[in-house]
Amino acid sequence: MASRTADPVDVVIEAEFDKLDLDHDGQLEWSDYETLIDRYRQTAGVGEDDRRIRELRAFYQMHWMELLRHAQVEGHHLSKGQFVGATRLASSDTSRINVAQVGGHVIFDLVDADGDGEISHEELGRYLQGVWQIDQSDANFSFDALDANKDGRISRAEFVDGIQEVLTPNR
Ligand SMILES: [Ca+2]
Ligand SMILES: [Ca+2]
Ligand SMILES: [Ca+2]
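First, a word on what this report is: a plain description of the structure on this page. Bear in mind that the values here come from a model prediction, so they are computed numbers and not experimental data.

A few words on the coordination of the calcium ion (ligand 2). Bound to the calcium ion (ligand 2) are the protein donor atoms Asp-112 (OD), Asp-114 (OD), Asp-116 (OD), Glu-118 (O), Glu-123 (OE) and Glu-123 (OE), situated 2.3 to 2.5 Å from the metal. Around the calcium ion (ligand 2), the six donor atoms are arranged such that angles at the metal cover 53 to 153°; this shape is classified as irregular. Positions of the donor residues of the calcium ion (ligand 2), expressed as sequence spacing, correspond to D-x1-D-x1-D-x1-E-x4-E. Take Glu-118: its relative accessible area is 25%, and that puts it in the partly exposed class.

Next comes the structure, spelled out in structure tokens:
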């Protein structure tokens, strides 16, 4: 590999930033996460006080505070560069609870719309389209990549592991 090639982990995190900056102002702020949470709520077709939505909000608030702490910023915004640096630090920080793992469980509960303990093609498709406005060809979230044992269903363990790999590159 040429040494000039952009760090693949940075590229993944930068793409994550672009997906999260939902008002496209070049900064990440809490309101972007609120927009995201509302997409989850609408996709799941539930109300504001649905337990799973409240858990999701609590998860993202914790995640957001971790990023601000690692970025060492006083304000309430992160630039793309700050987000990349803070995400790398947060993913190697073992001093607190494992945010990526918690997030995987919380998100699984929302994606598994019928609550049968597994994610089907339809459920994943609805989630990717409704929340991220992408289809199943997205490399990081493709059904085949998440379905580790290739039985055509994504179990909770498969989903949590897969999400953790997306959120914690470099493991
Ligand atoms: Ca923004
Ligand atoms: Ca299901
Ligand atoms: Ca499976």
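A word on the packing of helix α2 (residues 30–44) against helix α3 (residues 51–71). As a packed pair, α2 and α3 sit with axes 10 Å apart at the nearest point and diverge in direction by 155°. When the axis of α2 is compared with that of α3, the two are roughly antiparallel. Viewed along their axes, α2 and α3 form a crossing whose handedness is right-handed. Within the contact between the two elements, α2 uses Trp-30, Tyr-33, Glu-34, Leu-36, Ile-37, Tyr-40 and Arg-41 and α3 uses Ile-53, Leu-56, Arg-57, Tyr-60, Gln-61, His-63, Trp-64 and Leu-67.

A few words on the coordination of the calcium ion (ligand 3). For the calcium ion (ligand 3), the protein coordination sphere consists of Asp-147 (OD), Asn-149 (OD1), Asp-151 (OD), Arg-153 (O), Glu-158 (OE) and Glu-158 (OE), at 2.3 to 2.6 Å. What the six donor atoms of the calcium ion (ligand 3) show is an angle range of 53 to 158° at the metal, which sorts the shape as irregular. Mapped onto the sequence, the residues coordinating the calcium ion (ligand 3) show the spacing D-x1-N-x1-D-x1-R-x4-E. By relative accessible area, which is 3% here, Asp-147 ends up buried.

It is worth spelling out the pattern of salt bridges at this point. Evaluation of the coordinates by the stated rule reveals 13 salt bridges. Between Arg-88 and Asp-7 there is a salt bridge; the shortest N-O distance is 3.2 Å. With a gap of 81 residues between them, Arg-88 in helix α4 (residues 80–91) and Asp-7 in the segment before α1 (8–20) connect regions that are remote in the sequence. Its salt-bridge partner being Asp-116, residue Arg-153 comes within 2.8 Å of it at the nearest N-O pair. With Arg-153 in the loop between α7 (143–146) and β4 (154–155) and Asp-116 in the loop between α5 (99–111) and β3 (118–119), this residue pair connects regions lying 37 residues apart in the sequence. Residue class for Arg-153 comes out partly exposed when judged on its relative accessible area of 27%. Residues joined by salt bridges that share partners form a network here, namely Glu-34, Asp-38, Arg-41, Glu-48 and Arg-57.

Cut-offs applied
- Residues numbered from 1 in each chain as written.
- Chains lettered and ligands numbered in written order.
- Predicted model: local features only at pLDDT ≥ 70, side-chain atom pairs only at ≥ 80, totals over all residues.
- Heavy atoms only, no water.
- Donors = N, O, S within 2.8 Å, 3.2 Å for Na, K, Ca; no water.
- Tetrahedral: all angles 85-135°; square planar, octahedral: opposite > 155°, others 65-115°.
- Buried < 20%, exposed > 50% of the residue type's maximum accessible area, 1.4 Å probe, protein only.
- Axes fitted to C-alpha atoms, helices over the stretch in contact; angles between N-to-C directions.
- Helix = DSSP H or I, 4+ residues; strand = E, 2+ residues; numbered from the N terminus.
- Parallel < 35°, antiparallel > 145°, perpendicular 65-115°, else oblique.
- Left-handed = near helix turned anticlockwise from the far one by under 90°.
- Contact = heavy atoms within 4.5 Å.
- Salt bridge = Lys/Arg side-chain N within 4 Å of Asp/Glu carboxyl O.

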